[in-house]
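Descriptive structure summary
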Amino acid sequence: MKKSKYIGRSSFLLVATIAISSAYAENSDGNIASLYLAKACAGCHGVDGRTPTTPYYPIIAGQNEGYLYNQMRDFKNGSRSNSMSSVMKGIMSAVSEQEIRFISVWLAKQ
Ligand code: HEC
């Protein structure tokens, strides 16, 4: 029940922001922070990546860049399939390989 409420809210944000996010081609910190917001990541992981909105969502800021990249890639291609990973699989379908790379670098520095 609780889970679907969060998925619903984030899906709405995602749909509302896909058009905006496609404009962020440049790899500056400010642009990646905006991309992170535009992709609705903050709705679950917090604006800073370290204040998740439920205790079941992970803190992702300050994590190793390579690890972050691999997890997001694996959610996207389906090779990570555990616990609540279906939530992330849906989100990552709207995030490109290049965007995953940018977000990993940015999150590792937060
Ligand atoms: C609807 C809520 C939700 C949204 C939106 C969301 N996430 Fe997640 N995220 C989760 C959950 C839940 C998990 C844990 C999945 C599991 O249990 O396997 C997770 C896991 C992750 C992980 C792996 C953490 C680890 O320690 O393995 C990363 C990285 C991540 N999310 C990044 C992002 C990014 C970047 C975005 C935006 C593009 C995003 N998430 C959007 C809910 C969300």
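A brief look at the structure comes next. (Residues numbered from 1 in each chain as written. Predicted model: local features only at pLDDT ≥ 70, side-chain atom pairs only at ≥ 80, totals over all residues. Heavy atoms only, no water.)

Some remarks on the site of the ligand
Rules: It suffices for a single heavy atom of a residue to lie within 4 Å of a molecule or strand for the residue to be listed as near it. Two N or O atoms form a polar contact when they lie within 3.5 Å of each other; inside protein one atom must be a possible hydrogen donor and the other a possible acceptor, and for residues adjacent in sequence the pair counts only when both atoms belong to side chains. Each helix is a run of DSSP H or I of at least 4 residues and each strand a run of E of at least 2, with the numbering of both proceeding from the N terminus. Three residue categories are used. Nonpolar comprises Ala, Val, Leu, Ile, Met, Phe, Trp, Tyr, Cys and Pro, charged comprises Asp, Glu, Lys and Arg, and polar comprises the others, including Gly.
The environment of the ligand is formed by 24 residues, the closest being Cys 41, Cys 44, His 45, Arg 80 and Met 88. Ser 83 is positioned such that a nitrogen or oxygen atom in its side chain is 3.5 Å from an oxygen atom of the ligand. Elements supplying a minimum of two residues to the shell around the ligand: α3 (42–45), α4 (65–77) and α5 (85–92). Considering every element that reaches the shell around the ligand, the biggest residue donor is α4, with five residues. Of the residues belonging to the shell around the ligand, the class tally is 16 nonpolar, six polar and two charged.

Considerations on the nonpolar core
Let me state the cut-off plainly: Among the buried residues, those of types Ala, Val, Leu, Ile, Met, Phe, Trp, Tyr and Cys that are joined through side-chain atoms within 4.5 Å form a nonpolar core. Exposure is judged per residue with a 1.4 Å probe applied to protein chains only, and the accessible area is read against the type maximum: over 50% gives exposed, under 20% gives buried, and values in between give partly exposed. Contact criterion: two residues are considered in contact whenever any of their non-hydrogen atoms come within 4.5 Å of each other.
In terms of nonpolar packing, the biggest core is built from 19 residues, with Tyr 36, Met 72, Met 92, Ile 100, Ile 103 and Leu 107 touching the most fellow members. Elements with a minimum of two residues in this core: α2 (29–38), α4, α5 and α6 (97–109). Ranked by residues supplied to this core, first place goes to α6 with five residues. Apart from the residues lying within four places of it in its own chain, the contact partners of Leu 107 are Tyr 36, Gly 49, Ile 60, Ala 61, Gly 62 and Leu 68.

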